[in-house]
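Reading the structure
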Amino acid sequence: MSRPRTTPGPVPSAPRNAPDTPRSAPRDTSAATPDAAPGTSPATPREARGRRTRDNAPWTAFGGDLHLDLTERRAAGAGLRAALEDALREAVQDGRLAPGTRLPSSRALGEDLGIARNTVVEAYGQLTAEGWLGSRPGSGTTVAERAAPRPAGRPAAVRADRRPTGRHDLLAGRPDLSLFPRSAWLASARRALAVAPHDAFDYGSPLGRIELRQALSDYLARVRGVRTDPDRLLVCAGFGQGLGLLAAALRGRGTGRIAVEGYGLPPQREVLRAAGLGLAPLPLDANGARTDLLDDLGGAGGTAERPGAVLLTPAHQFPTGAALAADRRAAAVRWARERDGYVIEDDYDGEFRYDRQPLGAMQALDPDRVVYGGTAAKSLAPGLRLAWLALPDELVEPVARLKALADTMSPVTDQLTFAELITSGRYDRHVRRCRLHYRRRRDLLVAALAERAPQVRVTGIAAGLHAVLQLPPGSRPEAELLERARAAGLVLTGLDWYRAGPDAERAAGLPAASGTAPNISPDDWPDTSPGTSPNDAPDDAPDAPPALVVGYATPSDHAFPAALDALCGILRES
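Now for a description of the structure that goes with this document.

Moving on to the pairing of strand E5 (residues 257–261). Burial analysis of E5 places 5 of its 5 residues in the buried class, the great majority of the element. Side chains Arg257, Ala259 and Glu261 project from E5 onto one buried face, and the interleaved Ile258 and Val260 project onto a second face that is buried too. Across 5 bridges, E5 lies against strand E6 (residues 278–282) in parallel orientation. Note on E6: the bridge partner recorded for Ala259 is Ala280. The parallel pair E5 and E6, bridged by helix H10 (residues 266–274), forms a crossover whose chirality is right-handed. As judged from the 3 bridges shared by E5 and strand E9 (residues 309–312), these two strands associate in the parallel manner. Counted as the bridge partner of Ile258 is Ala309 from E9.

Structure below.
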């Protein structure tokens, strides 16, 4: 026997055409639960199901949140639908709503704005007819593709990436990004997040997470001979940030000038100048920077303008490839002690040594006078923005204070993951694999040039991720070579791009950096075959022939042969 079906009574609703009233009257939002307030009406099963559907609906069903202000348009006398159409049209025109953006459903937007759903439906329909919006059944409403003209007088956008682009990227300073250990990083991230304490995700020390500082302290002592402890290590967002913090701290101590190597990274010099430090370039030769000339960098003002610090790349001079001789390391440390100054050691690729015994960190000579800077940009990836400074006691507090002002602290999850990567041994295994990979790359480069461009001498190859290609006298000028390289789709730099400008050198009271080094004739260049010389720096004489700096680590495996072919083609015609 079947039960009689009951029919619910009519539900009162608002008039269909009420101007500012939703189509249906607001429902009671209380649920029939033990927490419902006394005296409230329980929701019907249909209402409860509808409310659950709306509350749990994915973004793809209703679109994301959308801010539209109709107040001014309504105050100016515009109707509700016209005000909504104008607000949407303006949002598309000024770029706030990009082409392809999914808009909220008519029901969701109506509820957000407190207007009837029909009003939103009609506004969407009008804008779709005008071509501002698009709509397909089951896909919701999206912003249509439009070729909007560029507003007149608007300044050009600043490029986020200043690296030039081409078919073959041989720029120095970047690893093969396809080698990033995704599986090991993911496994380390899972482990690190599983065991991390809750307070790891709170605001923490500007020095960085203790887990990473402890792991780095042990690793650097074992691998690079660095003498430090976790309380004197600071984690920063790349060596560039660390250098800027150091420069500001030194400026605060009264340092007005800093000595730099005659060849180095221009962005680093920009960082130092931005911190208010004057530059005093040091000449280079086959044994690295002439640190024995530090006392002669007084400039026109004499001792008052002597630098209070020096920035060096002692293990592998960038970009020439020379290793700083032992007596010059000792001279730099002695100068720092006598002048109450500091040596900043940029150990940018300390993990990659091929044909010589690894040189220990210069910091071990005097941890109170040498600041050690390292980075994961070459061993892992620059996009991680992970670097570190081993600081003397006197600089820990001022640098940490500046770090806290800059960004409070570095991101936690990557620090925890990197710490786990180190302590688990995965980082050591990854570095060993990369070392073999880059050594094979270097050997392929040397062999190809020996066969197809024998007039080119390859230097700076005992370590690191790049080489300097020294062309013989009488070759095309460097600028012309670079222009021909660009035409062939090659992206690389010439050695001259790294040279400190003559204006800065004259301000330091010295001749131009290239003119102060000994004139090394081609016959006296160091042997450039792998495994022969740790001091294979290129000629630095005033009339030196052109030289190109090639980052052989940058291309992926499948792209490297084509890049090598293009490079050899340019050099054959040099």
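Okay, the pattern of salt bridges next. When the charged atoms of two side chains with opposite charge come close together, those side chains can pair. In the structure shown here, the tally under the stated rule is 30 salt bridges. Linking Arg401 and Glu397 is a salt bridge whose minimum nitrogen-to-oxygen distance equals 2.7 Å. Of the two residues, Arg401 and Glu397 both sit in helix H12 (residues 393–407), 4 residues apart, roughly one turn of that helix. What makes Arg401 partly exposed here is its relative accessible area of 44%. Across the pair Arg452 and Asp565 runs a salt bridge, and its minimum N-O distance is 3.0 Å. One end of the pair, Arg452, is in helix H14 (residues 426–452); the other, Asp565, is in helix H18 (residues 560–572), with 113 residues separating them in the sequence. On the basis of relative accessibility, which here comes to 27%, the residue Arg452 falls in the partly exposed class. Salt bridges here are not isolated pairs; linked through shared partners, they connect Arg253, Asp340, Arg369 and Glu394.

A word on the nonpolar core. Residues Leu449, Leu469, Leu492, Leu567 and Leu571 are the most contacted members of the largest nonpolar core, which totals 34 residues. Contributions of two or more residues to this core are made by H14, strand E14 (467–470), helix H15 (478–487), strand E17 (547–550) and H18. Broken down by element, this core gets its largest block of residues, 8 residues, from H18.

Let's shift gears to H12. Taking 1.5 Å per residue as the helical rise, H12 with its 15 residues ought to reach 21 Å, and the 22 Å between its terminal C-alpha atoms agrees with that figure. Of the surrounding secondary structure, the elements contacted by the buried residues of H12 are strand E4 (233–236), helix H9 (239–252), strand E10 (342–346) and strand E11 (370–375). Two residues or fewer after H12 comes Thr408, characterised by a positive phi angle close to 70°.

Reading guide: rules and limits
Residues numbered from 1 in each chain as written. Predicted model: local features only at pLDDT ≥ 70, side-chain atom pairs only at ≥ 80, totals over all residues. Heavy atoms only, no water. Buried < 20%, exposed > 50% of the residue type's maximum accessible area, 1.4 Å probe, protein only. Helix = DSSP H or I, 4+ residues; strand = E, 2+ residues; numbered from the N terminus. Pairing = 2+ DSSP bridges. Right-handed = clockwise from strand over helix to strand, strands pointing away. Salt bridge = Lys/Arg side-chain N within 4 Å of Asp/Glu carboxyl O. Core = buried A, V, L, I, M, F, W, Y, C linked by side-chain atoms within 4.5 Å. Expected span 1.5 Å × (residues − 1). Contact = heavy atoms within 4.5 Å.

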